[in-house]
Amino acid sequence: MSREVDVLQRLKGPVVPINICFNTDGTVNFKAVGRYVEWLCDRKVPVLMLTYGSSEFSGLTDEELWELTAVVGEANAARSLFIASTGFWKPAKTREFLKHADAIGADAVKVQINTWFPKTRAVLLRYFDLIEDASDIPLLLWHVQPPPFPMEVAVELARRSNIVGMKNDGDQFYEYYDLMRATRDEDFAVVSGGQMRNFAFGYQIGSPAYLCTIAPFRPDIALDFYRLLVDGDYEAAWEMVRRYEDPWLRWAVENDWLPVIKTAIQAAGLYPNNLLAPPRPDPEPDLLEKVNVRIKEIFGEDPN
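What you are looking at is a predicted structure, and each value in this text was computed from that prediction instead of being measured. Each chain has its residues counted from 1, following the order in which its sequence is written. The predicted origin of the model limits local features to residues at a pLDDT of at least 70 and limits the giving and counting of side-chain atom pairs to 80 or more, whereas totals for whole chains, interfaces and linings rest on all residues. Side-chain metrics rest on all non-hydrogen atoms present in the structure, leaving aside hydrogens and water.

A. Structural context of the nonpolar core. Throughout this description, the term nonpolar core refers to a set of buried Ala, Val, Leu, Ile, Met, Phe, Trp, Tyr and Cys residues connected via side-chain atoms within 4.5 Å. Between buried and exposed lies partly exposed: a residue is buried under 20% and exposed over 50% of the maximum accessible area for its type, with that area taken using a 1.4 Å probe on protein chains only. The biggest cluster of nonpolar side chains holds 94 residues, and the ones touching the most others in it are V33, F225 and W248. Counting 15 residues, the second-largest nonpolar core is a separate cluster that includes L8, V47, M49 and L140.

B. Quick peek at the pairing of strand β1 (residues 13-17). Strands here mean DSSP runs of E at least two residues long; helices mean DSSP runs of H or I at least four residues long; both are numbered from the N terminus. Of all five residues making up β1, five are buried, and the element is well covered by its neighbours. When DSSP finds two or more bridges between a pair of strands, those strands are recorded as paired. Here β1 runs beside strand β8 (residues 209-211); their pairing, made up of three bridges, is parallel. The residue of β8 that forms the bridge with V15 is L211. Of the strand pairs in this sheet, β1 and strand β2 (residues 47-49) are connected by three bridges, and their pairing is parallel. Paired with P17 across the bridge in β2 is M49.

C. Layout of the environment of P146. Here P146 shows up in the loop between β5 (139-143) and α6 (151-158). Since its relative accessible area comes to 73%, P146 is described here as exposed. C-alpha separation for the pair P146 and E239, spaced 93 residues apart in sequence, amounts to 33 Å.

D. Just the layout of surface pockets, in detail. Residues are said to line a cavity or pocket when one of their atoms sits within 4 Å of a point; the points come from a 1 Å grid over protein atoms alone, cavities being sets where a 1.4 Å probe fits but cannot get out and pockets being open sets with protein on both sides within 12 Å along at least five of seven lines. Grid points are joined across faces, edges and corners, and a volume is the space filled by probe spheres set on the points. Considering only enclosed or pocket space, the largest pocket measures out at about 410 Å³ in volume. S54, G193, G194, L211 and W257 are, among the 23 residues lining the largest pocket, the residues nearest its centre. When contributions to the lining of the largest pocket are tallied by element, the ones reaching two or more residues are α10 (234-254) and α11 (257-267). Examining the composition of the lining of the largest pocket, we find that three residues originate from one element, α11, more than from any other. Polarity classes work like this: nonpolar for Ala, Val, Leu, Ile, Met, Phe, Trp, Tyr, Cys and Pro, charged for Asp, Glu, Lys and Arg, and polar for all others, with Gly in that last group. Class assignment for the residues of the lining of the largest pocket results in eleven nonpolar, ten polar and two charged. In this structure, the second largest pocket spans a volume of roughly 270 Å³. Along the wall of the second largest pocket there are 16 residues; nearest its centre are R218, A267, A268, I295 and D302. Every element with two or more residues in the lining of the second largest pocket is listed here: α11 and α12 (287-299). With four residues, the top contributor of residues to the lining of the second largest pocket is α12. Its residues assigned to classes, the lining of the second largest pocket shows eight nonpolar, three polar and five charged.

E. Fine view of the pattern of salt bridges. Salt bridges are identified by distance alone: a Lys or Arg side-chain nitrogen within 4 Å of an Asp or Glu carboxyl oxygen. Applying the stated criterion across every chain yields a total of 20 salt bridges. As a salt-bridge pair, K290 and D286 come within 3.4 Å of each other at their nearest N and O atoms. We classify D286 as partly exposed; its relative accessible area is 35%. A cluster of three or more residues bridged by salt bridges with shared partners is formed by R3, D102 and D136.

F. Examining the side chain of Q172 more closely. Structurally, Q172 can be placed in the loop between β6 (163-168) and α7 (174-182). You can call Q172 buried: its relative accessible area is 13%. One polar contact links the side chain of Q172 to the main-chain carbonyl oxygen of N168, over a distance of 2.7 Å. In protein, a polar contact requires one atom able to donate a hydrogen and another able to accept it; more generally it is a pair of N or O atoms within 3.5 Å, and residues adjacent in sequence count only if both atoms are side-chain atoms. Polar contacts involving the side chain of Q172 include one to the side chain of S192, which spans 3.1 Å.

G. Molecular detail of empty space enclosed by the protein. Under the defined criterion, the tally for this structure stands at one cavity of 30 Å³ or more. Estimated volume of the largest cavity: approximately 90 Å³. Lining the largest cavity, in full, are V111, I113, N114, F117, P118, K119, L124, F128, L141, W142, V144 and F149. Within the lining of the largest cavity, the residues separate by chemical class into ten nonpolar, one polar and one charged.

H. Region of interest: the pairing of strand β3 (residues 81-85). Most of β3 sits inside the fold, with five of its five residues counted as buried. Alternating residues of β3 divide into L81, I83 and S85 and F82 and A84, and every residue in both groups is buried. Relative to β3, β2 is paired through three bridges, and the arrangement is parallel. Across the sheet, residue V47 finds its bridge partner in β3, namely L81.

Remember, this is a structural readout, not a statement about activity or role.
Laid out in structure tokens, this is it:
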């Protein structure tokens, strides 16, 4: 079995974007991250991903990102599908990282091209041409806007055997569906950038996986939701959206999403704190209590 086929067969269900634990001096608490990854693997999370927003790449040095990738690879130990991600680098640096990610056990790499580069066919194709032969590790595209990733370029790149999918952080409705329809004849997975609600529609069109707003601290709920979609029980799946995701996401966004999700991980006993990467300020001291109350109201007690 080729590496590309292996990734496509395993890239299914909830994807956990790995939030990062920081020390009080702003450095990464690599031991805490490793333990968290082991916890996720023990709970049979199918896909792990380091990604620009949730993993706070803007607050990491290149050296920290290199080490973080290795820590996740070691803790994962080939149990879950592990998708690493590049920084905003020139192609030569990305080539080095692809070799590193391959060596430490990542299964694929999401290539995050600097958003300041023009999203033209010439620029995007040339970027991938320049990294093409660095490693045979499978690659994913990243759709983030503005402006959107040109549809015709996504289709053209999807025809390359080593490019197996795209994480869609752009429009979660029409563009998401159009990307799936345009690439349905290729071995190419369009992954929803977030929300059970979006994936409930996307799965029926052909999207195999989604980043879930609940999975980082309650992967059991994310897995149950996915199983309902696979079984075709859409009514029960929508009930989970209304019961869990809608009230949680609404409250979390109102109270600042990133510190809330990191506090939820802390509340589950998985991280020692909820600190954000500097220069972002520390969350308010009473946020942990508020999150604990809200989690119990919405989710009840964790059976695990």
